[in-house]
Structure formats: structure tokens, C-alpha cells
Amino acid sequence: MDLQEFRAGLDGWLDEHGPELVPPHGPGVTLDAEMEHLSKVKRLTYEAGWMRWGWPERVGGLGGSTLMRAYLGEALASRDLIEPGIYSMTEVLAPTMIEFARPALAAEMVPRLLRGDETWCQGFSEPSTGSNLGSLACRARPDGDDWVVSGQKVWTSLAQYADRCVLLTRTGSPESGHRGITALFVDMDSPGITVRPIQAMHGRDEFCEVFFDEVRVPGDRTLGEVDGGWAVAMDLLPYERSTSLWHRGAFLRQRLEHLLASPPGEALDPADLGEAAQLAFAFHARSRATQYRMAGGERLGPETSVDKVLLATTEQAVYDLVADAAAADVALGDDPDGARWRTEFLYSRAATIYGGSAEIQRNIIARRLLDLGVDR
Ligand SMILES: Cc1cc2nc3c(=O)[nH]c(=O)nc-3n(C[C@H](O)[C@H](O)[C@H](O)COP(=O)(O)OP(=O)(O)OC[C@H]3O[C@@H](n4cnc5c(N)ncnc54)[C@H](O)[C@@H]3O)c2cc1C
């Protein structure tokens, strides 16, 4: 199937099945309900084949261009059928499994994620290690054929729902920096793991603290080389800044259109509206080029930091527009529209933090793309 056929087929299928996929919205909707809805969307799109296109056949996919995956998330987000933050975890974690897991492990696990049978999480950040990932401390020591993991992660999105975790651990000496890190694929029901959700200001407690107390992980769950976990992290982060951002961009355009169709509160400021719209289009153009480079087999790298800066700037501009026009609704409104704008406005503040903060993206752009300054 080529991309055009895929798009036409999927659009027709969504015209027919879209009503079954409408998510729960409104002030009382819990994250549990959103996660249940997401599993349903993934299951139905998998069973109809759409979710399988763009993924390799060796992991249960149907082959074809990665642009199909980009379009599936775009089509679902444009129709307001998914929340891209939770939907796009697949785009962040599955490519890493395909690249770095034993082929049999990837073949067994990836279809479960695509089909919505399982949720996975990404255990990178620690209480004293976010931007400076190379200094992480969560320790894995070898014991026979296993690893034994002790330490803590934080801000682990969806850990309370996760069946597995892509976990970065320290296997070298504390001073080994990025050379002494090993990535593991951990079952979240292993004895010794404690997950504590963190209360978030926007009311969706999506991330957690995760504690590891002598957790045994089989050696064949190592992703990539022992002490080679930095390569896994560097491979994963550009994915976090490519197709998943494309999906988020489609969601933001849809919200901007909704804003224009039924503006809340006072009239929108035309200059701010123009700014938000041109940022959305600049991101769209940039991210489109990234999707095509990925589809052409190019390896993504530090240049995806430009996409991340543009997306975060767009997201905050769109929600600043709402907050300025409808301050009372965003702060206090109880109607479903106002409550949704409030939740999204508050979450938009995180756009310059998750997936690497805006300052870190600018450091990457300056040092690795523009050759300015030096890493200290
Ligand atoms: C919604 C959300 C979801 C997340 N989900 C996950 C997840 O699933 N898994 C996971 O592992 N992590 C996750 N994170 C964590 C995220 O990756 C980190 O918050 C981020 O990398 C920043 O790290 P930090 O919070 O430790 O801040 P710090 O690194 O302590 O940074 C604090 C401030 O200092 C600035 N700063 C730090 N170093 C420099 C420097 N060298 N130059 C200039 N400025 C600098 C930063 O930009 C920031 O403004 C999530 C975060 C959010 C907000």
C-alpha cells in the first residue's frame, strides 16, 4: 500500500468508525478512563490494520513508509480522538526496542504495545539527574546471568499503568559518566518495584516516582551493549522529538481551529493569533521535513532539537492566547470547554521541560549544529 492509498483508506475508515473512538472529555474524566480509551483506539486501529502499517514485519507490522505512522497519529489527533502525549509513547519507545532489543524479544513485545495490550514507560530522569543524564545513579550490578537494580527514577510518565520500562542504569563506576550506563527492559511487576504517582497541577497525575529495591532483571533484557546505554538514549531522544511531535502539532492545529470557531471569553488578540498561527505553520513545515527524512532512512539526531523548540514555543503561544482571551474561564470555568482549556493551558507549561528542556535544546543547537561554544 502506498501513502496515498493509506490516507484515503484510513480517512474512510475513520469516517465510519470515528464515533466509536470519541474519547471521554470533561471535568470529571479520569486518567484511568483516558488510558482505557487509548487501549481501545490502539486495539481497533491495530485490528483494522492501520496501526500496523509503517512498522517492520519482524515486529508484527505490515511494512511500508514510516509516513503512515505519522499520518495515523495526525488523523486521530486532527479528529480529536486521541491525546497525543499518551498516544505517542509508542513512537518514543518502540523504535528503540526494534533497534536495540534481541530480535526475538522485540518480536514478542512490540506487537503488545502497538495493539494497546500493554503500556510502557521511560525511566531516564532521576531526582538529581534530568538535563545532566550522563550522571544518573540508579545502579545495576551483575549477579550470575541477571542484573540487580537499586535506585530511583522520577517524572516517569504513565509508570502506574506500565507493564514494562525502558530503564537507564549505572553499570560503570560513579565517575564513568555517559560511558558507564546500560539500558534494560524491565517488567514493572518485578518484585522490589514501588510506583508512586505525583500530583500534578493540571489534575492529570500522569507521572510518578519509581523506586527499585534489589530488582532482579534477566541479562537477556539488556538493550544494546553493556555500558552502551548512552547510544540507546541518544537514539531514543530524537524519536521523542520527531513523529510524536508531529502528532502533537496536529493536535495543536485542531485546538487552534476550535478556538477560532468558538472563541472563549473576549475577542482574540489579532497580533497574538497571527503569531500563534505562524508558529504552528513553521513547526508544521519543519516537522514535515523531519518525517520525510526519517522515511527516507536518514538517522535522526541533534537537528530534531529545532523541532522541539518550535513545538514548545507554538504550544505555549496557543494556550497563552486562550488564557489572555478567557482568563476567567481558564482560571475558574466549570463548563467542559473552560475546564479543558484550563487543563491544557497548565500542561502547556511543561512543553519547555519534557523531552529535554528548552535551554538544553538550545545548547544542543548551539554546540552540535552551529558549532558555538564548548561543552563543559
Ligand atoms: C510532563 C513531563 C513528562 C515527563 N516524562 C518523563 C518520562 O516519562 N521519563 C523520564 O525519564 N523523564 C520524564 N520527564 C522529565 C524530563 O525529562 C526532565 O524534567 C527534564 O529533562 C529536565 O530535567 P530536570 O527536571 O531534572 O531539570 P534540571 O535538569 O534540574 O533543570 C532545571 C533548569 O535548569 C536548566 N538547565 C539545566 N542544565 C542546564 C545547562 N547545562 N544549561 C542551561 N540550562 C540548564 C534547565 O533548562 C531547567 O530550566 C518528564 C517531564 C515532564 C514535565
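Quick caveat: nothing in here was measured; it's all calculated off a predicted structure.

Comments concerning the domain arrangement of the protein chain
In step 1: Structurally, the protein chain comprises domain 1 (3–118), domain 2 (121–228) and domain 3 (241–369).
In step 2: Taking only C-alpha atoms, the centre of domain 2 and the centre of domain 3 are 29 Å apart.
In step 3: Across the contact, five residues belong to domain 2 and six residues belong to domain 3.
In step 4: Here domain 2 and domain 3 share an interface that buries about 490 Å² over both sides, 72% of which is from carbon and sulfur atoms.
In step 5: Among the residues domain 2 hides against domain 3, the three largest losses belong to Ser131, Met201 and His202. Together they make up 82% of the total.
In step 6: In this assembly, domain 2 and domain 3 are joined by zero salt bridges.
In step 7: Put simply, domain 2 and domain 3 have one residue pair in polar contact (both at pLDDT 80 or more) between them.
In step 8: Residue composition of the side of domain 2 that touches domain 3, by class: one nonpolar, two polar and two charged.

What to know about the UniProt feature "domain: Acyl-CoA oxidase/dehydrogenase middle" (unreviewed entry) in the protein chain
In step 1: Following the UniProt record, the feature "domain: Acyl-CoA oxidase/dehydrogenase middle" (unreviewed entry) maps to residues 121–215 here.
In step 2: In residues 121–215, the share of helix is 0% and the share of strand is 51%. The end C-alpha atoms are 17 Å apart.

Points about the site of the ligand
In step 1: Around the ligand, a shell composed of 18 residues is seen, among which Gln122, Ser131, Trp155, Ser357 and Glu359 lie nearest.
In step 2: Taking Gly130, its main chain carries an N or O atom lying 3.3 Å from an oxygen atom of the ligand.
In step 3: Taking Asn363, its side chain carries an N or O atom lying 3.0 Å from a nitrogen atom of the ligand.
In step 4: Its free accessible area being 970 Å², the ligand has 65% of it covered by the protein chains.
In step 5: Elements supplying a minimum of two residues to the shell around the ligand: strand E3 (146–157) and helix H13 (358–369).
In step 6: Partitioned by chemical class, the residues of the shell around the ligand number eight nonpolar, eight polar and two charged.
In step 7: The two domains that each donate at least three residues to the shell around the ligand are domain 2 (121–228) and domain 3 (241–369).

Cut-off values and rules
Residues numbered from 1 in each chain as written. Predicted model: local features only at pLDDT ≥ 70, side-chain atom pairs only at ≥ 80, totals over all residues. Heavy atoms only, no water. Domains from an automatic or database assignment. Contact = heavy atoms within 4.5 Å. Buried area = accessible area lost by both parts, 1.4 Å probe. Salt bridge = Lys/Arg side-chain N within 4 Å of Asp/Glu carboxyl O. Polar contact = N/O pair within 3.5 Å; in protein donor to acceptor, adjacent residues only side chain to side chain. Nonpolar A, V, L, I, M, F, W, Y, C, P; charged D, E, K, R; others polar. UniProt positions renumbered as here; feature names shortened; annotations may be inferred. Helix = DSSP H or I, 4+ residues; strand = E, 2+ residues; numbered from the N terminus. Near = heavy atom within 4 Å. Areas by Shrake-Rupley, 256 points an atom, 1.4 Å probe, with all protein chains shown as cover.

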